[in-house]
Amino acid sequence: MNIVRAKDYEDLSRKAANIISAQVILKPDCVLGLATGSTPIGTYQQLVERYKKGDLDFAGVTTVNLDEYRGLPRENDQSYYYFMHDNLFSHVNIPEGRSFLPDGTEPDSEKACTDYERIIREVGGVDLQLLGLGHNGHIGFNEPGPVFEADTHCVRLTEQTIKANQRFFASIDDVPKEAYTMGIKTIMHARKILLVVSGEDKAEAVKNSFFGPITPQVQASILQLHKDVTVVADEAALSLINA
Ligand code: GLP
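Just so you know, the residues in each chain are numbered from 1, in the order the chain's sequence is written. Side-chain atom pairs in this predicted model are given and counted only at pLDDT of 80 or more, local residue features only at pLDDT of at least 70, and totals for whole chains, interfaces and linings cover all residues. Side-chain figures throughout are based on the complete set of non-hydrogen atoms in the structure, without hydrogens or water.

## So, the sheet that holds strand β9 (residues 192–197)
Thought 1: Across the sheet, which stays open at both edges, the seven strands sit in the order β1-β10-β9-β6-β2-β3-β5 with parallel pairing between neighbours. The open sheet has two free edges, formed respectively by β1 (2–6) and β5 (99–100), since each of these has just one partner strand.
Thought 2: Pairing between strands is defined by DSSP: at least two bridges between the two strands are required. Starting at the N terminus, helices and strands are each numbered in turn, a helix being any DSSP run of H or I of at least four residues and a strand any DSSP run of E of at least two. As judged from the four bridges shared by strand β2 (residues 31–34) and strand β3 (residues 62–65), these two strands associate in the parallel manner. Considered in β3, the bridge of V31 is made with T62.

## Description of the environment of L240
Thought 1: Relative to the helices and strands, L240 resides in the segment after β10 (229–234).
Thought 2: Judged by its relative accessible area of 43%, L240 is partly exposed.
Thought 3: C-alpha separation for the pair L240 and F210, spaced 30 residues apart in sequence, amounts to 11 Å.
Thought 4: The contact rule is simple, with two residues in contact once any of their heavy atoms fall within 4.5 Å. In contact with L240, not counting residues within four places along its chain, are A203, E204 and K207. Three exposure classes are used, based on accessible area relative to the maximum for each residue type with a 1.4 Å probe and protein chains only: buried under 20%, partly exposed in between, and exposed over 50%.

## A word on the site of the ligand
Thought 1: Looking at the ligand, the residues that line it are G37, S38, T39, D67, Y80, G132, L133, H138, G140, F141, R167 and K202.
Thought 2: What qualifies as a polar contact is a pair of N or O atoms within 3.5 Å, subject to a donor-acceptor requirement within protein and to the restriction that residues adjacent in sequence count only when both atoms come from side chains. In the model, an oxygen atom of the ligand is placed 2.6 Å from a nitrogen or oxygen of the S38 side chain.
Thought 3: Areas reported here follow the Shrake-Rupley algorithm with a probe of radius 1.4 Å; residue values treat only the protein chains shown as occluding. For the ligand, whose free accessible area comes to 390 Å², the fraction covered by protein is 94%.
Thought 4: Each residue belonging to the shell around the ligand can be placed in one class, and the counts come to three nonpolar, six polar and three charged. Residue proximity to a molecule or strand is established when one non-hydrogen atom of the residue lies within 4 Å of it. For this scheme, ten residues count as nonpolar: Ala, Val, Leu, Ile, Met, Phe, Trp, Tyr, Cys and Pro. Four count as charged, namely Asp, Glu, Lys and Arg, and the remainder, Gly too, count as polar.

## Some remarks on the packing of helix α2 (residues 41–53) against helix α3 (residues 80–87)
Thought 1: Running from N to C, α2 and α3 point in directions that differ by 40 degrees, and their axes come no closer than 10 Å. Comparing the axis directions of α2 and α3 gives the class oblique. Contacts between α2 and α3 involve I41, Y44 and V48 from the first element and F83, M84 and N87 from the second.
Thought 2: Across the contact of α2 with α3, the residue classes tally to five nonpolar, one polar and no charged. Under this scheme, a helix contributes an axis fitted over its contacting stretch, all axes are lines through C-alpha atoms, and angles between N-to-C directions fall in the 0 to 180 degree range. An angle below 35 degrees is treated as roughly parallel, one above 145 as roughly antiparallel, one from 65 to 115 as roughly perpendicular, and anything else as oblique.

## Examining the sheet that holds strand β8 (residues 178–181)
Thought 1: Within the open sheet, the three strands sit side by side as β4-β8-β7. Their pairing is antiparallel. Here the strands that pair on one side only, and so sit at the sheet edges, are β4 (67–69) and β7 (153–156). The sheet shows a mean angle of 25 degrees between the axes of neighbouring strands, taken without regard to direction.
Thought 2: One ladder, built from three bridges, connects β4 with β8; its direction is antiparallel. Paired with E68 across the two strands is Y180, which belongs to β8.

Structure follows, in structure tokens:
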């Protein structure tokens, strides 16, 4: 595991965008696995700037997102579909129809999940998967539990995650309680992984995920077994470890 220390959020966003840019330049027809949450927003802004300057071309790129709330219509501004369009897709030239997310509007969860696994297979797997980190060490929406769930599945969000996401909704009752998420095997199959993490409130999660035992109680800890992981973290997120 390669831990890249960033001065602050701005520096983190630039460094993460550098790594994604390198991927797109070296393999213009790559598959990018993308993430939502507040942490990657700065990275997406950097990518948009580089595209606008003419330094990056997404014409050959395909994207697959990690997760989506179950039951939120796409036009709801808290759906991950909306988020991705707002923060990235509508500002760059990824071809129409080449950006995929789990279908949160599909009520049949088994169908939503098997369809998504098929899509990931059909696009040839993920070259570079971007990840954020939840306070309890979750990646995508793989919450702490007794096992690592392998494939895309439907999850019931933990109280902690629902509370963390409450800030985006009018009230806690409006926060969706379920989501579709890539599983741990799906994530671990990505050829490269880039995890971004910022802030002192994530320091404990960083310590538990990358310097503690590998356990499904801290889902990100499995990344210790992946052969090509880069963690870009700011000073605050690294404050409990000596990287
Ligand atoms: C949500 C997303 C995760 C994300 C996490 C952390 O739960 N499903 O993919 O990593 O939030 O978000 P943030 O970056 O806002 O702390």
